[in-house]
Amino acid sequence: MSENDFDIVILGAGSGGYAAALRATQLGMTVGLIEKNKLGGTCLHVGCIPTKALLHSGEVADVTRESAKYGVNADFQGVDIAAVTKYREDIVTSKFKGLTGLIKQRGITVIEGEGKLTSPTTVQVGDRTITGKNIVLASGSYSRSLPGLEIGGRVITSEQALELDFIPKKVAILGGGVIGVEFASVWKSFGADVSIIEALPHLVPNEDESISKQFERAYRKRGIEFSLGVRFQGVEQNDQGVVVTLEDGKTIEADILLVAVGRGPSTTGLGYDEVGVTMDRGFVITDERLATNIPGVYAVGDIVPGLQLAHRGFQHGIFVAEEIAGLKPVVIDDVNVPKVTYSHPEVASVGYSEAKAKEKFGDDKVSTYDYNLAGNGKSHIIGTAGSVKVVRVNDGPVVGVHMIGDRVGELIGEAQLAVNWEAYPEDIAPLVHAHPTQDEALGEAFLALAGKPLHAI
């Protein structure tokens, strides 16, 4: 093949794109990977990795303030935002170098520049026409705003929030989903006053309602303000800050307004429409096997309707590479993709909520057990409250796990195995959970649903 001809051409090198590239080369295919910015995409550079670095800095600040509680004498002298920025940037740089080296080692051809789909088998990059037997669309997402709400000045998105060289005294956050509550957590830990505006009835509204309510109690205890079930009306800004007006007439004054109302698909101007790819409101429509309406053209990640999560995109990429290779990989429905919100406290879930399970299987066909972390030794040691809720079909498998509490994101591995392997609580009950770990809370919930609770009544 020439330097412009490949078995697979991938448009975008974020989580979905680079995963597809890595898996395809393992399977013996040649890959052209097109990226206009940096390998790793949103997740590595302005999303998952840098935000979690900020959250860890916030955790260290909180623990330092509370060190006397643990018998350690430490003075909290404030947060050095320049040093936090260096810590964050060093982590991203290290991960970027590692990924770049891996891509090179695998023999993947990286084509720098903005690509545009020009036919079912070609992508134009500048004056180069890149040809592929198969095309994978992996162009990712961008920070959305609301109609009429312009980003600029003191009205910022998460990308600009990462780059702030100061800690605001007061922040207003539009959106109480994952991005909004994570930045709320960071800024509160750094010493700012925070007010969240969410049009839906709950914070983290995509979670089981019982988890959302516990989350709201935890944020209220932290002193984070929030307005629920009320819509944003407008914002005015001046040299001193912003004044946000809600539809109920309430106003919120702050130094900045973070717009965190979700992410939109980055598909405009990339030729998808012109080539005839079926679209809906900017998203690429695929079947369950991620194939578009055009044979040989696939789509992965945030441009495919559903959960916008890096690990979903990553799995999409692996799936498509294996699909093209004829391996017939297993489809994982979005409901069974694990979700984690890395705030203080954390939220982690997989599978059906109690309400969705009852809707699907019937009110009288579903049982739940909610294990309070107050009974868990490790949770007590690290000073976190919360719970682990397991949802099962009566005389059937576990179909949902929902958790809240510091570090519960680390428990999602076992939870997603139980749900995806359709394990019965009776199957898991005999298995040993190490003591003292937070993982025991999952074990206790499974024991209770198996009819033999140990540390629960």
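Now for a quick tour of the structure. (Residues numbered from 1 in each chain as written. Predicted model: local features only at pLDDT ≥ 70, side-chain atom pairs only at ≥ 80, totals over all residues. Heavy atoms only, no water.)

1. A closer look at the packing of aromatic side chains
The description of an aromatic ring pair rests on the distance of the ring centres and on the angle between the ring planes.
Okay, step 1: Under the criterion given, the structure shown has four aromatic pairs.
Okay, step 2: Ring plane angle 35° and centroid distance 4.3 Å describe the contact between Phe-215 and Tyr-219, whose orientation is recorded as tilted. Remark: Tyr-219 and Phe-215 occur in helix α7 (residues 209-222); sequence separation between them is four residues, near one turn of the helix. Pair check on accessibility: Phe-215 and Tyr-219 agree, each one buried.
Okay, step 3: With a centroid separation of 5.8 Å and an interplanar angle of 85°, the aromatic rings of Tyr-352 and Phe-361 are classed as edge-to-face.
Okay, step 4: Taking the relative accessible area as the measure of exposure, Tyr-352 reaches 21% and is therefore partly exposed.
Okay, step 5: The exposure class of Phe-361 is partly exposed, given its relative accessible area of 29%.
Okay, step 6: Geometry around Phe-96 places Lys-38 over its ring, the cationic atom sitting 5.5 Å from the centre.
Okay, step 7: The ring of Phe-76 carries the charged tip of Arg-65 above its face, separated from the ring centre by 4.3 Å. (Phe/Tyr/Trp six-rings, centres within 6.5 Å; stacked < 30°, edge-to-face > 60°. Helix = DSSP H or I, 4+ residues; strand = E, 2+ residues; numbered from the N terminus. Buried < 20%, exposed > 50% of the residue type's maximum accessible area, 1.4 Å probe, protein only. Lys NZ or Arg CZ within 6 Å of the ring centre and 35° of its normal.)

2. Some thoughts on the environment of Ile-332
Okay, step 1: Counting through the fold element by element, Ile-332 comes out in the loop between α9 (310-324) and β20 (339-341).
Okay, step 2: The exposure class of Ile-332 is partly exposed, given its relative accessible area of 38%.
Okay, step 3: Sequence spacing of Ile-332 and Phe-319 is 13 residues, and the spatial spacing of their C-alpha atoms is 9.6 Å.

3. Digging into the pattern of salt bridges
Okay, step 1: In this structure the tally under the stated criterion is 16 salt bridges.
Okay, step 2: Residues Lys-86 and Asp-90 are paired through a salt bridge, measuring 2.7 Å at the closest nitrogen-oxygen approach. Of the two residues, Lys-86 and Asp-90 are both situated in helix α4 (residues 81-105); the distance of four residues between them amounts to about one turn of the helix.
Okay, step 3: Linking Asp-280 and Arg-281 is a salt bridge whose minimum nitrogen-to-oxygen distance equals 3.6 Å.
Okay, step 4: The exposure class assigned to Asp-280 is partly exposed, which follows from its relative accessible area of 36%.
Okay, step 5: Assessed through its relative accessible area of 75%, Arg-281 is described here as exposed.
Okay, step 6: Through salt bridges that share partners, Asp-208, Glu-354, Lys-358 and Lys-389 make up one connected network. (Salt bridge = Lys/Arg side-chain N within 4 Å of Asp/Glu carboxyl O.)

4. Some words on the nonpolar core
Inside soluble globular proteins, nonpolar side chains tend to come together where they are buried.
Okay, step 1: One finds Ile-10, Leu-137 and Tyr-272 to be the most contacted residues of the largest nonpolar core, which totals 48 residues.
Okay, step 2: Dropping the residues within four chain positions of it, Ile-10 is found in contact with Gly-17, Ala-20, Ala-21, Val-31, Gly-32, Leu-33, Ile-34, Val-136 and Ala-138.
Okay, step 3: In this structure, Leu-55, Trp-187, Ala-192 and Ala-260 belong to the second largest nonpolar core, which totals 31 residues. (Core = buried A, V, L, I, M, F, W, Y, C linked by side-chain atoms within 4.5 Å. Contact = heavy atoms within 4.5 Å.)

5. Regarding helix α14 (residues 439-449)
Okay, step 1: For α14, the buried fraction is high: ten of the eleven residues fall into the buried class.
Okay, step 2: Every buried residue belonging to α14 is among Glu-440, Ala-441, Leu-442, Gly-443, Glu-444, Ala-445, Phe-446, Leu-447, Ala-448 and Leu-449, and all of these are buried.
Okay, step 3: Packed against the buried residues of α14 are β22 (366-372), β23 (387-393), β24 (398-404), α12 (412-420) and α13 (425-428).
Okay, step 4: One or two residues past the end of α14 sits Gly-451, with phi positive at roughly 85°.

6. Looking at the environment of Ile-197
Okay, step 1: When you line up the elements, Ile-197 lands in strand β10 (residues 193-198).
Okay, step 2: Residue Ile-197 is classed as buried on the basis of its relative accessible area of 1%.
Okay, step 3: Remark: the alpha-carbon pair of Ile-197 and Asp-280, spanning 83 residues in sequence, is separated by 28 Å.
Okay, step 4: Not counting residues up to four positions away in its chain, the partners in contact with Ile-197 are Ile-173, Leu-174, Gly-175, Gly-176, Ser-227, Val-230, Val-244, Leu-246 and Ile-252.

7. A word on the sheet that holds strand β14 (residues 251-254)
Okay, step 1: Within the open sheet, the three strands sit side by side as β12-β13-β14. Their pairing is antiparallel. If you trace the sheet from one side to the other, it starts and ends with β12 (232-237) and β14, each paired once. Each strand of the sheet is rotated relative to its neighbour by a mean of 20°, with strand direction disregarded.
Okay, step 2: One ladder, built from five bridges, connects β12 with strand β13 (residues 242-246); its direction is antiparallel. Within β13, the residue paired with Val-235 across the bridge is Val-244. (Pairing = 2+ DSSP bridges. Axes fitted to C-alpha atoms, helices over the stretch in contact; angles between N-to-C directions.)

8. What to know about the sheet that holds β24
Okay, step 1: One open sheet accounts for five strands, arranged β20-β21-β24-β23-β22; its pairing is antiparallel. Both edges of this open sheet fall to β20 and β22, since each of them pairs with a single strand only. Pairs of neighbouring strands in the sheet enclose a mean axial angle of 10°, with direction left out of account.
Okay, step 2: Taken together, the five bridges between strand β21 (residues 347-351) and β24 define a ladder with antiparallel strand orientation. Looking at the pairing, Ser-349 lines up with His-402 of β24.
Okay, step 3: Helix-sheet contacts for α7 involve β21, β22, β23 and β24, and the interaxial angle to β24 is about 5°.

9. Examining the pairing of β23
Note on strand geometry: in a regular strand, side chains alternate between the two faces of the sheet.
Okay, step 1: With seven of its seven residues buried, β23 lies for the most part within the structure.
Okay, step 2: Pairing of β22 with β23, which is carried by seven bridges, proceeds in the antiparallel orientation. When the bridges of β23 are listed, Asp-370 appears paired with Lys-389.
Okay, step 3: The pairing of β23 with β24 spans six bridges and is antiparallel. The partner of Val-391 across the bridge, within β24, is Gly-400.
Okay, step 4: In textbook terms, the turn of a hairpin is the stretch between consecutive antiparallel strands, and for β23 and β24 this stretch comprises four residues, one of which, Asp-395, has a positive phi near 55°.

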